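Structural features, examined
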Amino acid sequence: MSPWEKSNPPPSRARTTGVSTEDRTPARRVTPRRAALGACGGAVAAYTALAVAELAAAPVRPGAGPVVAVGGAAVDRTPAPVKDWAIRTFGTQDKLVLHLGVLAVVTLLALGLGLLAVRRRRLGAAGVALFGLVGGAAAVSRPDATGVVDALPSLAGALVGAAVLFVLAGRLVPRTPGAASAAPADEAGGAHTGDGVDRRGFALTAVAVTAAATGAGALGRLLGGARARDAAASRARVVLPAPGSPAPPVPRRAGLRVPGMQPFITPNEAFYRVDTALVVPRVDADSWRLRVHGKGVTRPVALGLADLMARDTVERDITLTCVSNEVGGPYVGNARWLGVRLADLLADCGVRPPSRGGPADQLVARSVDGMTLGTPVEDVMDGRDALLAFGMNGEPLPFEHGFPVRMVVPGLYGYVSACKWIEDIELTTFDAYDAYWVRRKWARRAPVKTQSRIDTPRPFARPGAGTVMVGGVAWAQHRGVDRVEVRVDDGPWEPADLAAEDSRDTWRQWSYAWDASPGTHTLTVRATDRDGRTQTDRRTRTVPDGASGRHSVVVTVG
Ligand SMILES: Nc1nc2c(c(=O)[nH]1)N[C@H]1C(S)=C(S)[C@@H](COP(=O)(O)O)O[C@H]1N2
Ligand SMILES: [Mo]
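Here the structure is a predicted model, which is why all the values come from computation and not from measurement. Within any chain, residue numbers begin from 1 and follow the written order of that chain's sequence. Lettering of chains starts at A and numbering of ligands starts at 1, both following the order in which they are written. Where local features are concerned, this predicted model is filtered to residues with pLDDT of at least 70; where side-chain atom pairs are given and counted, the filter is 80 or more; whole-chain, interface and lining totals use all residues. Where side-chain values are given, they derive from all heavy atoms of the structure, hydrogens and water being excluded.

1. Description of the overall build of the protein chain
Secondary structure follows DSSP: runs of H or I at least 4 residues long count as helices, runs of E at least 2 residues long count as strands, and numbering of each begins at the N terminus. The number of helices and strands found in the protein chain is 14 helices and 18 strands. Structurally, the protein chain occupies a C-alpha span of about 90 × 65 × 40 Å along its principal axes. Burial here depends on accessible area, computed with a 1.4 Å probe over protein chains only, as a share of the maximum for the residue type. Under 20% is buried, over 50% is exposed, and the range in between is partly exposed. Split into buried and exposed, the 558 residues of the protein chain put 53% on the buried side. Contacts were defined at the residue level, with two residues in contact if any of their heavy atoms lie within 4.5 Å. Restricting the contact set of the protein chain to residue pairs at least 6 apart, pairs at least 24 apart contribute 75%. Accessible areas in this description were obtained via Shrake-Rupley with a 1.4 Å probe; residue shielding takes into account the shown protein chains only. Total accessible area on the protein chain is roughly 24300 Å²; 58% of this is exposed by carbon and sulfur atoms. Lys and Arg are tallied as positive, Asp and Glu as negative. Neither His nor the chain termini are counted. To locate a charge, the coordinates of NZ of Lys, CZ of Arg, CG of Asp or CD of Glu are taken. Averaging the locations of the 67 positively and 53 negatively charged side chains of the protein chain gives two centres separated by 7 Å.

Put into structure tokens, the structure is as follows:
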């Protein structure tokens, strides 16, 4: 019999006989120090579990680790309004916030299990193992899961974590005077504290385990990093072809020289990013393939990047907008894209649009991370420049924006058109399939709504009286912006000066020289598209098909 068994009834017995704390001998009472060390042990166990899982995830899939898997599964199950709120509140930091949230929950649970393990060693360890099951289940449930192997990292991490907690909690079992002499730490110098706990043994074990876990985690990162480096090398080798059909030069007057306005072409680093990827997919271009198949596809194909680049290439300026963009929001950007016309590729595969008798009205694009986006086949094939793009502003797509290939369709919100890291195109029907966001209450079809935004002055600015330059952008992709008007307070709508139009698929800058009088004023903007429709002042939320309403800014003129 080990000293531990002598001084501690097995947890099951303690439970069945209902032994309360008061009934126990003082040595077995959970002192604040033992409780604190126990919680500490829980934290070490959780840290170890996550580090081991990280290492185990490297050969499986970078996203199969528990933090990413649980975070991703949580995102999948979050109601649309909450997700919308998160995107709005945390912006591009939403993923960081989610990660920190998962880590905070894990830490709390770990501290709790550590406390539990002081009294109920096996139960505490079992708890850690149980959370491994949760992580494993989350990983398998992800759309990009390879299969049950995705559960392995979480399970392996949890088993090691459970063992660590079991061992560490064992160090916190007080030795009775008789049994204490058998404890090695005692012989080594009597490190027991007043409550008979082998504090030094605990500390040594905890430090050794933490160091080993840190090493395992670092190794995991290193292995995971090797993939990323291969992908980066493949991107560095990409030589973009000269466009067969270059974009017309941007008119010199498309960008206005009004301080506080954004550049007409959004630099890649400044381009908004919205996606569900908790780890940016780093696809190796050399092994990448795009499959086209499904209803009405008489000649299915699987193409590599070189095959795509060998086709007729086109270069176009296209403004991309996110359906989650609030009125006045930042999720809109304008880039010069290089790629091939998707309609040509589809036609080569035998696809006909519904208007010419084709059986498929929906094109479902799938990304390497399992995302699905559904686009109307009719829109893709109606003559607009719907692209499979591999270039963005003169460089291969950045990883964040879909390397090696993404879709861009003028006039449609990103979630129904702009699949990044695309690897599969399936022709189907809207009746037969709902894509990711459609299953979450967003509209099946979502053309971009006519919108305009004031970029300068900023809200609550305090310009001096006199001429104040008001400026911003307006967009109505694929229809074109015809008119922008500005209103001061409840005054009449005054025409703004429109910058030259690049194309009807791009946004348009505008400015208005305002003769500002002292006091607090509200500036409001509205745009009218080429169909003659003026932006409505009826405010709607972003769900289900994009926000409507007019942007206004309040300023105080000094
Ligand atoms: N694979 C994948 N593609 C995606 C998404 C995604 O989550 N995953 N998000 C879509 C959405 S909602 C938008 S608005 C655009 C944003 O593209 P960007 O991040 O390059 O600006 O990508 C689209 N393509
Ligand atoms: Mo979006």
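2. Focus on the UniProt feature "domain: Oxidoreductase molybdopterin-binding" (unreviewed entry) in the protein chain
UniProt positions are given in the numbering used here, feature names are shortened, and annotations may be inferred rather than shown by experiment. Within this numbering scheme, the UniProt entry marks residues 279–437 as carrying the feature "domain: Oxidoreductase molybdopterin-binding" (unreviewed entry). Taken as a whole, residues 279–437 contains 10% helix and 35% strand, while its terminal C-alpha atoms sit 19 Å from one another.

3. Overview of the nonpolar core
Membership of the largest hydrophobic core comes to 79 residues, with the highest contact counts inside it found for Trp337, Leu346, Leu363, Leu388, Ile422, Ile425 and Leu427. If near-sequence neighbours (up to four positions away) are discounted, leucine 427 is found in contact with Val292, His293, Gly294, Lys295, Val297, Leu346, Val351, Ala360, Gln362, Leu363 and Val377. Core analysis: the next-biggest nonpolar cluster, separate from the first, contains 20 residues, Val481, Trp510, Val553 and Val555 among them. Joining through side-chain atoms within 4.5 Å is the link that ties buried Ala, Val, Leu, Ile, Met, Phe, Trp, Tyr and Cys residues into a set, and such a set is a nonpolar core.

4. Some points on helix H4 (residues 66–77)
Given 3.6 residues per helical turn, the α-helix brings residues three or four places apart onto the same face. For a helix, the expected span equals 1.5 Å multiplied by the number of residues minus one. For H4, spanning 12 residues, the distance from its first C-alpha to its last is 16 Å, which sits close to the expected 16 Å at 1.5 Å a residue. Burial runs high along H4: nine of the 12 residues are buried. Those residues of H4 lying buried are Pro66, Val67, Val68, Ala69, Gly71, Gly72, Ala73, Val75 and Asp76. Contacts made by the buried residues of H4 are with helix H3 (32–60), helix H5 (80–90), helix H6 (94–119), helix H7 (121–141) and helix H8 (152–171).

5. What to know about the pattern of salt bridges
In the sections that follow, a salt bridge refers to a side-chain nitrogen of Lys or Arg positioned within 4 Å of a carboxyl oxygen of Asp or Glu. As enumerated under the stated definition, the model contains 31 salt bridges in all. Residue arginine 384 pairs with aspartate 379 through a salt bridge whose shortest N-O separation is 3.7 Å. As far as the burial class goes, arginine 384 and aspartate 379 line up, both buried. Here the residues in one salt-bridge network are Asp94, Lys95, Arg273, Asp275 and Lys420, joined through shared partners.

6. Examining the domain arrangement of the protein chain
Marked domain ranges trace back to an automatic or database domain assignment. Considered domain by domain, the protein chain is made up of domain 1 (27–228), domain 2 (252–440) and domain 3 (451–557). One C-alpha centre belongs to domain 1, the other to domain 3, and the line joining them spans 52 Å.

7. As for the environment of glycine 350
Inspection of the secondary structure assignment puts glycine 350 in the loop between helix H13 (342–348) and strand S5 (362–367). When neighbours within four sequence positions are excluded, glycine 350 is seen to be in contact with Gly296, Thr298 and Arg299.

8. So, a nonpolar patch on the surface
Distance thresholds for patches are 9 Å for like charges and 5 Å for nonpolar side chains (Val, Leu, Ile, Met, Phe, Trp, Tyr), applied to residues having over 30% relative accessible area and no salt bridge. On the surface, a nonpolar cluster with roughly 320 Å² of combined accessible area is contributed by Val105, Leu109, Phe131 and Val134. Breaking the nonpolar patch down by element, the ones donating at least two residues are H6 and H7. Mapped onto the elements, valine 105 comes out in helix H6.

9. Considering the UniProt feature "transmembrane region" (unreviewed entry) in the protein chain
UniProt annotation of "transmembrane region" (unreviewed entry) refers to residues 35–58, 96–116, 123–140 and 152–173 when read in the numbering used here. The distance separating the terminal C-alpha atoms of residues 152–173 is 32 Å; by composition the span is 91% helix and 0% strand.

10. Some thoughts on the packing of aromatic side chains
Classification of ring pairs uses Phe, Tyr and Trp, with its six-membered ring standing for Trp, and accepts pairs whose centres are within 6.5 Å; under 30 degrees between planes counts as stacked, over 60 as edge-to-face, and the remaining range as tilted. Counted according to the given criterion, the structure contains eight aromatic pairs. Between tyrosine 272 and tyrosine 331 the ring centres are 5.9 Å apart and the planes differ by 50°, which places this aromatic pair in the tilted class. You can see tyrosine 272 sitting in the loop between helix H11 (199–236) and strand S1 (290–294) and its partner tyrosine 331 sitting in the loop between strand S3 (313–321) and strand S4 (332–341), a full 59 residues away along the chain. Taken together, a centroid distance of 4.9 Å and an interplanar angle of 80° make the contact between tyrosine 436 and tryptophan 437 edge-to-face. Put simply, the rings of Phe271, Tyr272, Tyr331 and Trp337 touch in pairs and so form one group of aromatic residues. Cation over ring: arginine 235 sits above phenylalanine 399, and NZ or CZ is 5.9 Å from the ring centre. One residue, arginine 440, lies across the ring of tyrosine 436, its end atom 3.7 Å from the ring centre. The criterion is that NZ of a Lys, or CZ of an Arg, lies within 6 Å of the ring centre and within 35 degrees of the ring normal, and then a charge sits over that ring.

11. What to know about the site of ligand 1
Whether a residue is near a molecule or strand is decided by its heavy atoms; if any one of them lies within 4 Å of it, the residue is near. In the vicinity of ligand 1 there are 20 residues, among which Tyr272, Thr276, His401, Arg406 and Lys420 approach most closely. A distance of 3.1 Å is found between an oxygen atom of ligand 1 and a backbone nitrogen or oxygen belonging to valine 274. One nitrogen or oxygen atom from the main chain of threonine 276 is found 2.9 Å from an oxygen atom belonging to ligand 1. Contact with the protein chains removes 99% of the 530 Å² of surface that ligand 1 exposes when unbound. Here a polar contact is taken to be a pair of N or O atoms separated by no more than 3.5 Å, where protein atoms must pair a possible hydrogen donor with a possible acceptor and residues adjacent in sequence count only if both atoms sit in side chains.

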